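# Descriptive analysis of the structure
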Amino acid sequence: MNSFFALSPLLIIVFASLLVLILEVFLRRENKNYLAYLSLSFLVICGFVCIKFWNKDYSYFDGNLFLDNLSLFFIFILVLATAFVILLSMKYISLQDTNYGEFYALLLLALSGVVIMVSSIDLLVIFLGLEVLSISSYALAGLRIKDEKSSEAAIKYFLLGSFATAFLVYGLALLYGSSGSTNIITIINVFGSETSLSLMALIGLGLVIVSFGFKIAVVPFHMWTPDVYQGAPTPITAFFSVVPKAAGFAILLRIFFPYWKVALNSQAIFWLLWIISALTMVVGNLVALRQTNLKRILAYSSIAHAGYLLVAILAQDNSSLVFYLTVYLFMNIGAFAAVIALSKKGKEYLELEDYAGVGFKYPWIGITFSIFLFSLAGFPPTGGFLAKFYIFVAAVRQGLVPLVIIGVLASLISVFYYLRIIVYMYMREPSQEIEIAVENPSLFLVLFLCLYGVIQLGLFPRNILILINQAVSSLSLL
Amino acid sequence: MNFPILSLITFLPLAGAILLIFIQRGRENILRFLSLGTALITFIFSLILYFSFNAQIPDPQFVEKVEWLGYGINYHIGIDGISLFLVLLTTFLMPIAILSSWTHIQKRVKEYLIFILMLETGIIGIFVSLNLFLFYVFWEAMLIPMYFLIGVWGGRRRIYATLKFVLFTMLGSLLMLVAIFFLYSMYYKATGVYSFNLFDYYKLILNPNIQIWLFLAFALSFAIKIPLFPFHTWLPDAHVEAPTAVSVILAAVLLKMGAYGFLRFALPLFPDAVMKFLPLLAVLSLIGIIYGGLMALIQKDAKSLVAYSSVSHMGLIMLAIFALNFEAMEGAIYQMISHGLSTGALFLIVGILYERSHTRMIKDFGGVSKQMPVFSAFFLICMLSSVGLPGLNGFIGEILCFFGIFKANKLLAILGISTVILAAGYLLWMFQRIMQGPIKNEKIFSFKDINKREICYLVPIVIMMFWMGIYPKPFLRKMDSSVTHLLNRVNKREIYFTEVQKDKNLPVKIEHEMTKEKNEEKEDKSR
């Protein structure tokens, strides 16, 4: 249905962002928390809008922006992730001296870019959204201006990100040249009518994959991830590990859903993705073994998770992909929340050594962090297990047994480094006394909500699965 | 039966664990009594299970089935004559484990008890699951409490031991998971229905070439757990580092999970592959018997001696299972329970010694029986039960095993008998070095004889040892029909095997027509 309503989530977020940017001028630095409340309330409204629009299928701009169930689902979880990140940041930014007004404005702006990305199937519009996301992200990564690491992160992210963008534009041009359109569906249909894919189109598709591969951080386009994750303020790292990744996979879903149906010349692209996926799982997990910095461990773990998600793309199972992303949101943000919890004024505890004895000193942080780590490692009865389970089942059904074996062995490797964090928390005597700022209600709210999400999705995910099935079924309507 | 007694038994410990969370850390005695109470109530309920169990029915009883996640993932539990005794063994040993760690565990009592109770739920869950997904969930979830129990309350090299334990187990179980996926998709291809139900899978007739791979994946997982010979290296580490109660559970119940896995999954699901790998598996078991026994002989640490004796004894159990006949199978199951009791008791004995001396080295002891006469009697009985003295539990199990193995293969039986000889060697020698002779170490003069609490948890075990040794009928008759059924399932396939062979391209077939034929046969007979 053609309606102006299709723009409302986007407009709400952009409006909130601009409002925050203006109000910021009038607020003193200690009172910046009001901006957080303001942003949160707008995000809540946006979430409600998403729920209200379910099954409505609004679209606008000649169908270039639309809200089918899939976009709504993605917008909802992305808004949720951003809300979590804002809750995590409230105390953090004043403790770590990054409480600039731009913080929330940039976060919302990045979110608006993602919203554009997930609610379009025109590659040009997607490119627009991607740029909005990327430019805000570069700024966010470098927000701790007094910290060299943060600036390094911003520059690295910017340089490599620009490369990726250039790849996308180049690929887009080639695709446009070979098919005469930038709309994914049209492109794939044109390809479908030809007997074999021209080299130009193949290169174009490959370049698009490379560019999104950068966004979702798969091997070998992952080099930026650990440095950027380490340098950026921790809540922003949580944001990077979830939001761009989810958006990137939403796009891949939209590209490959019609593509597999056409399945022309799929050998080349299929094996490309197969190799990337296997490499990502193995390299991500192997390198994580050697890390001692929590943020870097989580960075490599998020790379590895992108590998599992690619398995879902190869298995052509959309609902398991979306389910995995949902679970991943809760467990990863939860893990970062626990990392953020262990900080005090001007100091973050990020080395493994710092975690010695934490489990018994701060039992709630210890328990929740352990549960998130078990979930990331894929132990039942957490959501992480079920998510991996659905993906691997789908893959075996598609006959991808070797890839699944690589996947489970890679996740065996991951068990080691996730458990190592728990070893430090519970089984090592502390070498130093660590003190943390305990009073952080918003952070504990996030911990609790993520815990709830991980366990609910692990034990009784049926309602969510029904929603997800509705969401992905809107793919086939296009 | 409408009352969900099996769920109650499974989740009561977990409920107890949740209750413990809300009790203050300092009130350690309340915590201990509460967890002991939970474990005891669970045991009493499981006795109801024993008495209302109908021995005539080979199929699972007390079945509960609730749809859980869809796509064939159901909450489906039940027990038959094989799992009944393993559940009973678990519930019987848990209160004993808690009692044995009453004073032994002084730090972080609350967390310790919570994990012990969680572990109980996990173990019982494994034995009652009839849905492969549910089974796998329990199988993996059980690792988490075990990981903490060894890692936090263990000895000096606990972190190494616990990580080794978890990674070894996961290596096997993840490959098993892939095999389960494969079965799942095969079943879907054959019937168009999603199912993780074990009994649906029993109906599958798989192409032998596929069976080989699936069997290897399952067998690896279980072989690590048992542990079969080349996969046993985690066991001595885990045992030596774990606290006493955890060693008891590990030896008595966790190792049985592997054997149970063979009985429940690997043998009936992949009979053709079993036939193919039978010689290899039997030889590995035999190597385990001899190697475990020889290693036990040279151990300096009493606890690792008992650990290696487990390797040897589990080898015998596996050899009996692979004999694939009625006597051996019953003997194996009987021996599983009896090994649980006697090895569990030996770990308790070593634990009692350790609590007094803070050493486990055999050379530090000598002449202890003069200071601890009552303890000495208990030690003697437990040791003899492990050796297999007639009149005690070990004898019945071993003799049944050997009957069966002898029937299957004489050479294996003759070589396998070395387990008894070796056991007599290393256990009697250990007893002699620890309990008898002059007192060399001055510390021993200060040893007090075992107290009421310790007698309290050793007496039930000793009673069971005598009972199982003198009057095994109530145990054996309850498992008869299930064992017969299982053997039918394994052997029956050979008859249909030829039919599948004719059509080599067919990867999978469902048993449909065959069950029909069988029913007709039955009808014919009844006429």
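Shown above is the structure to which this text applies.
Read on for an overview of the structure.

## Concerning the overall build of chain A
Regarding its fold elements, chain A presents 19 helices and 4 strands. In terms of overall size, chain A behaves like a compact globule, its C-alpha atoms giving a radius of gyration of 21 Å where 478 residues would be expected to give roughly 23 Å. On the principal axes, the C-alpha backbone points of chain A span a range of 70 × 55 × 40 Å. Burial status across chain A gives 60% buried among its 478 residues.

## Observations regarding the interface of chain A and chain B
Between chain A and chain B, the contact holds 23 residues from the first and 26 residues from the second. Listing elements by their share of the side of chain A that touches chain B, those giving two or more residues are α16 (383-397) and α17 (401-427) of chain A. Here the side of chain A that touches chain B gets 12 residues from one element, more than from any other, and that element is α17 of chain A.

## Focus on helix α19 (residues 462-473) of chain A
All names here are of chain A. Over its 12 residues, α19 runs 16 Å from end to end, which matches the ideal 16 Å to within 8%, given 1.5 Å per residue. Those residues of α19 lying buried are L465, I468, A471 and V472. Buried residues of α19 fall within an arc of 120 degrees about the axis and therefore sit on the same side. For α19, exposure combined with an orientation more than 90 degrees from the buried face picks out R462, N463 and I466. Buried-residue contacts for α19 involve α3 (69-95) and α13 (318-341).

## Looking at unusual backbone geometry
Omega for the bond connecting P380 of chain A with P381 of chain A falls within 30 degrees of zero, at 0 degrees, which places this linkage in the cis form. With respect to the secondary-structure elements, P381 of chain A resides in the loop between α15 (363-377) and α16. Omega for the bond connecting I226 of chain B with P227 of chain B falls within 30 degrees of zero, at -10 degrees, which places this linkage in the cis form. Looking at where P227 of chain B falls in the secondary structure, it is placed in the loop between α9 (208-225) and α10 (234-241).

## Considering the pairing of strand β2 (residues 73-79) of chain B
Of all 7 residues in β2 of chain B, 5 are buried, a share of seventy percent or more. Connecting strand β1 (residues 61-70) of chain B to the antiparallel partner β2 of chain B that follows it, the hairpin turn spans 2 residues, and Y71 of chain B within it adopts a positive phi of roughly 55 degrees.

## Things to note about helix α12 (residues 294-314) of chain A
Residue and element names in this part refer to chain A. Between the first and last C-alpha of α12 there are 31 Å, a value that for 21 residues agrees with the 30 Å anticipated at 1.5 Å per step. In terms of burial, α12 is a largely internal element, 20 of the 21 residues being buried. A positive phi of about 60 degrees marks Q316, the residue just after α12.

Rules and cut-offs
- Residues numbered from 1 in each chain as written.
- Chains lettered and ligands numbered in written order.
- Predicted model: local features only at pLDDT ≥ 70, side-chain atom pairs only at ≥ 80, totals over all residues.
- Helix = DSSP H or I, 4+ residues; strand = E, 2+ residues; numbered from the N terminus.
- Rg over C-alpha atoms; globule rule 2.2 N^0.38 Å.
- Buried ≥ 20, exposed ≤ 12 C-beta atoms within 10 Å, placed from the backbone.
- Contact = placed C-beta atoms within 7 Å.
- Expected span 1.5 Å × (residues − 1).
- Arc of directions from axis to C-beta.
- Pairing = 2+ DSSP bridges.

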